Amino acid sequence: MIRIYTDEIINAVCLHMADRRGVQPSDVEVQLAWDEEYGFTAEVWVNGRSQYIIEANLLEAIEQYMYRQYNRRVFRTNIKLDVDEEEMWADIED
C-alpha cells in the first residue's frame, strides 16, 4: 500500500486541472475539504475562476498522478480517501 498526503493530493489535482484547462500547474490553486453532507471535495481556482470538484474528480486526479509520477497503474476502486483533524490522505492498494 502507498499513502499520499495532502500536499501530493493537491499536486495531483493541480496537474489534472492544468491538463484539462490547458494552463500551467502553477496557475491552479486547490483547497481540499471534507464534510458530512458532501464528503471529499475541493475548491479549485484557475485564472481567478472558482470551481468545486467532487470525490470522483479527486480520485481521477490521484489515479492519473500515480501513473505519471510513480509509473503505477491504479484504479479508483483501490483508492481510499481519509481525513483527521490535521490532514487528508489517500491509501492506494497495489
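Residues numbered from 1 in each chain as written. Predicted model: local features only at pLDDT ≥ 70, side-chain atom pairs only at ≥ 80, totals over all residues. Heavy atoms only, no water.

**Quick look at helix α1 (residues 6-21)**
- Taking 1.5 Å per residue, 16 residues should reach 22 Å; α1 reaches 22 Å between its end C-alpha atoms and fits that length.
- After α1 finishes, the residue G22 shows a positive phi value of roughly 70°. (Helix = DSSP H or I, 4+ residues; strand = E, 2+ residues; numbered from the N terminus. Expected span 1.5 Å × (residues − 1).)

**Structural notes on the pattern of salt bridges**
- Going through the model one piece at a time under the given rule, you end up with 4 salt bridges.
- Where R68 meets D19, a salt bridge forms, and the shortest distance between an N and an O atom there is 2.8 Å. Highlighted residues: R68 in helix α2 (residues 55-70) and D19 in helix α1, separated in sequence by 49 residues.
- Taking the relative accessible area as the measure of exposure, R68 reaches 43% and is therefore partly exposed.
- Across the pair D82 and K80 runs a salt bridge, and its minimum N-O distance is 4.0 Å. (Salt bridge = Lys/Arg side-chain N within 4 Å of Asp/Glu carboxyl O. Buried < 20%, exposed > 50% of the residue type's maximum accessible area, 1.4 Å probe, protein only.)

**A few points about the packing of aromatic side chains**
- Using the criterion set out here, one finds 2 aromatic pairs in the structure.
- Relative to F40, the ring of W34 has its centre 6.3 Å away and its plane inclined at 55°; by these criteria the two rings are tilted.
- Consider the rings of Y65 and Y70, whose centres lie 6.2 Å apart with planes at 70°: the pair is edge-to-face.
- Taking relative accessible area as the criterion, Y65 reaches 8% and is therefore assigned buried.
- The ring of Y67 is capped by R73, whose NZ or CZ atom sits 4.5 Å from the centre of that ring. (Phe/Tyr/Trp six-rings, centres within 6.5 Å; stacked < 30°, edge-to-face > 60°. Lys NZ or Arg CZ within 6 Å of the ring centre and 35° of its normal.)

**Describing the sheet that holds strand β6 (residues 88-92)**
- What the 3 strands build is an open sheet, ordered β1-β6-β5; its pairing is antiparallel. What marks the edges here is a single partner per strand, and that holds for β1 (2-5) and β5 (79-83). Along the sheet, successive strands turn relative to each other by an average axial angle of 25°, direction set aside.
- Both β1 and β6 contribute to a ladder of 4 bridges, which runs antiparallel. The residue bridging R3 from the neighbouring strand is D91, located in β6.
- Taken strand by strand, α1 contacts β1, β5 and β6, and its axis lies near 80° from that of β1.
- On top of the sheet, α2 reaches β1, β5 and β6; it is set at about 115° to β5, its chief contact. (Pairing = 2+ DSSP bridges. Axes fitted to C-alpha atoms, helices over the stretch in contact; angles between N-to-C directions. Contact = heavy atoms within 4.5 Å.)

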